[in-house]
Amino acid sequence: MQSLSNKKILLGITGGIAAYKSAELVRLLIKSGAEVRVVMTPSAQEFVQPLTYQALSGHRVYTDLFDGEADSAMDHIELARWCDLLLVAPASADFLGKMTAGYADNLLLTLCLASKQPVAVAPAMNQQMFANASTRDNINQLSSRQVLVWGPADGEQACGDIGPGRMLEPEQLLNNIAQQFRPGKLTGVKLLLTVGPTREAIDPVRYISNRSSGKMGYALAEAALREAAEVTLVSGPVSLIPPSAARLVAVESAQQMYDAVMQQVGTQDLFIACAAVSDYRVDQTAQHKLKKSADTMSLQLVPNADILTAVSALEERPFCVGFAAETRDLEKYAMQKLEKKKLDMIAANKVGDGSSGFETDFNQLEVFWRDGHHSIERASKPEIAKQLIDLIAGRYTCARS
Ligand code: C5P
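Residues numbered from 1 in each chain as written. Predicted model: local features only at pLDDT ≥ 70, side-chain atom pairs only at ≥ 80, totals over all residues. Heavy atoms only, no water.

1. Re the sheet that holds strand β4 (residues 119-123)
Turning to step 1, where the next piece is worked out: Strand order in the open sheet formed by five strands is β2-β1-β3-β4-β5, with parallel pairing between adjacent strands. Among the strands making up the open sheet, the edge pair consists of β2 (35-40) and β5 (148-149).
Turning to step 2, where the next piece is worked out: Summarising the sheet, strand β3 (residues 85-91) and β4 pair through four bridges and their orientation is parallel. Bridged to A91 within β4 is P123.
Turning to step 3, where the next piece is worked out: Sheet strands in contact with helix α1 (residues 19-31) are β1 (8-13), β2 and β3, and its direction is about 175° off that of β1. (Pairing = 2+ DSSP bridges. Helix = DSSP H or I, 4+ residues; strand = E, 2+ residues; numbered from the N terminus. Contact = heavy atoms within 4.5 Å. Axes fitted to C-alpha atoms, helices over the stretch in contact; angles between N-to-C directions.)

Put into structure tokens, the structure is as follows:
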């Protein structure tokens with residue numbers, strides 16, 4: 001059983017048949033030591049009586065925005081301040097639409113606007129309603145505003161349809177809530193990270209490489225360690241001190257990086273490919289130093305394997321995050337890469353103007369996933385790394401729920 005001792009959970013219930021499952025969630029939360037207050041929308045009360053949740057939570061259930069009795073308990077601003085987490089479960093299509101638009105015409109919507117604490121929603125609706133473009137847009141917008149979207153699950157529905165739209169089971173919701181209160185957002189998560197450039201040997205003393213400093217990748221490793229991830233760093237040659245808590249696998253060439261990743265990846269939950277891997281290597285590396293012999297010389301290059309594509313093609317694959325450094329049409333190329341490499345997320349940065357990206361201490365990112373987007377404003381690489389790891393941790397938790 002999860003321990004949620006002294007955690008204050010505000011549970012919002014909207015109108016849907018899954019409301020009956022939330023009674024079990026209240027029971028599980030109380031059993032795990034949480035303090036629970038329940039808020040119901042008017043239509044939720046058509047499905048289950050407030051008394052049910054009152055009996056289970058041990059507190060009166062909040063239903064009205066304009067409540068004459070509020071002074072005896074808490075008004076909506078106090079309630080929003082009181083909680084450590086606000087979860088709306090079930091969250092109906094109507095509620096999600098209003099929440100996205102910023103409506104505040106019932107108590108629960110007002111609380112969603114007034115809360116500074118994390119807000120999570122567990123959508124529950126008919127599969128066709130869930131598939132509708134309006135619902136998808138609403139969910140994507142909420143998710144890009146850092147609202148945690150848990151579920152829905154796939155399966156048989158109350159109306160007889162089969163498909164995605166079922167509210168997650170109470171045990172799974174309890175798990176997700178507990179995850180939010182773990183000391184680190186990535187506790188127990190094994191993260192494999194490729195960083196830095198690669199070097200493709202021409203002869204024993206010369207190589208082809210690129211301008212990657214490894215700073216972004218090392219900052220990501222630090223940020224993930226702070227969130228308690230177990231980090232394995234497959235690093236190309238950089239002049240940075242690796243974080244001591246990370247396991248370091250030092251490599252030089254793209255082939256060595258590929259081999260190291262393939263050897264580690266079977267046990268990993270999360271893969272972030274931050275390395276600037278050489279697309280080509282020299283076909284025949286000379287055994288001895290090449291001598292000057294002519295005015296021009298040619299090198300025959302052959303392509304390197306794409307490490308990220310190889311990882312995302314694995315049957316048992318980790319959650320895959322890629323990077324895209326582009327000089328133009330950021331979104332277009334990033335989305336193409338997301339599709340082509342079958343990624344869960346891609347972080348794109350604009351390079352070439354010298355203000356961020358390669359070899360600088362600053363960066364700015366546009367992060368895309370299949371149906372969402374988030375901009376991380378220009379900041380130092382450690383600050384960008386913190387925000388990106390937060391975003392990845394959120395998406396990873398959603399994907400695994
Ligand atoms: O296709 P492009 O090289 O722009 O893709 C960049 C992304 O792919 C980065 O995440 C990079 O680490 C990864 N990559 C890789 N192996 C390669 C080339 C790129 O993992 N050979």
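2. Some remarks on the pattern of salt bridges
Turning to step 1, where the next piece is worked out: Enumeration according to the criterion identifies 15 salt bridges in this entry.
Turning to step 2, where the next piece is worked out: R206 is the salt-bridge partner of D203, the closest N and O atoms lying 2.5 Å from each other.
Turning to step 3, where the next piece is worked out: Two residues, D361 and K215, come together in a salt bridge whose shortest N-O distance is 2.7 Å. Of this pair, D361 sits in the loop between β17 (345-350) and β18 (362-369) while K215 sits in helix α9 (residues 215-226); the two residues are 146 residues apart in sequence, bridging distant segments of the chain.
Turning to step 4, where the next piece is worked out: On the basis of relative accessibility, which here comes to 45%, the residue D361 falls in the partly exposed class.
Turning to step 5, where the next piece is worked out: Linked by salt bridges that have partners in common, K21, R166 and E169 make up one network. (Salt bridge = Lys/Arg side-chain N within 4 Å of Asp/Glu carboxyl O. Buried < 20%, exposed > 50% of the residue type's maximum accessible area, 1.4 Å probe, protein only.)

3. Some details on α1
Turning to step 1, where the next piece is worked out: With 13 residues, α1 should cover 18 Å at 1.5 Å per step; its first-to-last C-alpha distance of 19 Å lies within 8% of that length.
Turning to step 2, where the next piece is worked out: Taken as a whole, α1 has its buried residues at A19, K21, S22, A23, L25, V26, L28 and L29.
Turning to step 3, where the next piece is worked out: Taken from the residues just after α1, G33 is the one with a positive phi, measuring 100°. (Expected span 1.5 Å × (residues − 1).)

4. Considerations on the site of the ligand
Turning to step 1, where the next piece is worked out: Around the ligand, the neighbouring residues are A273, A275, V277, D279, A305, D306, I307, L308, G322, F323, K337 and K341.
Turning to step 2, where the next piece is worked out: In the model, an oxygen atom of the ligand is placed 2.6 Å from a nitrogen or oxygen of the A273 main chain.
Turning to step 3, where the next piece is worked out: A305 is positioned such that a nitrogen or oxygen atom in its backbone is 2.9 Å from a nitrogen atom of the ligand.
Turning to step 4, where the next piece is worked out: In isolation the ligand offers 450 Å² of accessible surface; the protein chains occlude 84% of this area.
Turning to step 5, where the next piece is worked out: Mapped onto the shell around the ligand, the elements with two or more residues apiece are α11 (307-312) and β16 (319-326). (Near = heavy atom within 4 Å. Polar contact = N/O pair within 3.5 Å; in protein donor to acceptor, adjacent residues only side chain to side chain. Areas by Shrake-Rupley, 256 points an atom, 1.4 Å probe, with all protein chains shown as cover.)

5. Here's the deal with the environment of K340
Turning to step 1, where the next piece is worked out: Along the chain, K340 falls in helix α12 (residues 330-340).
Turning to step 2, where the next piece is worked out: Given a relative accessible area of 68%, K340 falls into the exposed group.
Turning to step 3, where the next piece is worked out: Between the C-alpha atoms of K340 and D75, which are 265 residues apart in sequence, the distance is 51 Å.

6. Some details on the pairing of β1
Turning to step 1, where the next piece is worked out: Counting buried positions along β1 yields five of six residues, so the element is predominantly enclosed.
Turning to step 2, where the next piece is worked out: Once the chain exits β1 it traverses α1 before rejoining the sheet at β2, and the crossover so formed is right-handed.
Turning to step 3, where the next piece is worked out: Of the strand pairs in this sheet, β1 and β3 are connected by four bridges, and their pairing is parallel. Directly across from L10, in β3, lies its bridge partner L86. (Right-handed = clockwise from strand over helix to strand, strands pointing away.)

7. Remarks on unusual backbone geometry
Turning to step 1, where the next piece is worked out: The step from A89 to P90 runs through a cis peptide bond, and the omega angle for that step is 0°.
Turning to step 2, where the next piece is worked out: With respect to the helices and strands, P90 occurs in strand β3.
Turning to step 3, where the next piece is worked out: At the junction of G151 and P152, the peptide bond is cis and its omega measures out at 5° in the coordinates.
Turning to step 4, where the next piece is worked out: As for its placement among the helices and strands, P152 is situated in the loop between β5 and β6 (153-156).
Turning to step 5, where the next piece is worked out: Backbone geometry places N6, a non-glycine residue, at a positive phi of 65°.
Turning to step 6, where the next piece is worked out: For N6, the position within the fold is in the segment before β1.
Turning to step 7, where the next piece is worked out: Positive phi is not limited to glycine here, since D329 has a value of about 45°.
Turning to step 8, where the next piece is worked out: Inspection of the secondary structure assignment puts D329 in the loop between β16 and α12.

8. Quick notes on the packing of helix α4 (residues 93-101) against helix α5 (residues 107-114)
Turning to step 1, where the next piece is worked out: Between α4 and α5, whose axes approach to 10 Å, the crossing angle comes to 40°. Accordingly, the angle class assigned to the pair α4 and α5 is oblique. When the axes of α4 and α5 are compared, the crossing they make is right-handed. Judged by residue contacts, F95, K98 and M99 of α4 engage L108, L109 and C112 from α5. (Parallel < 35°, antiparallel > 145°, perpendicular 65-115°, else oblique. Left-handed = near helix turned anticlockwise from the far one by under 90°.)

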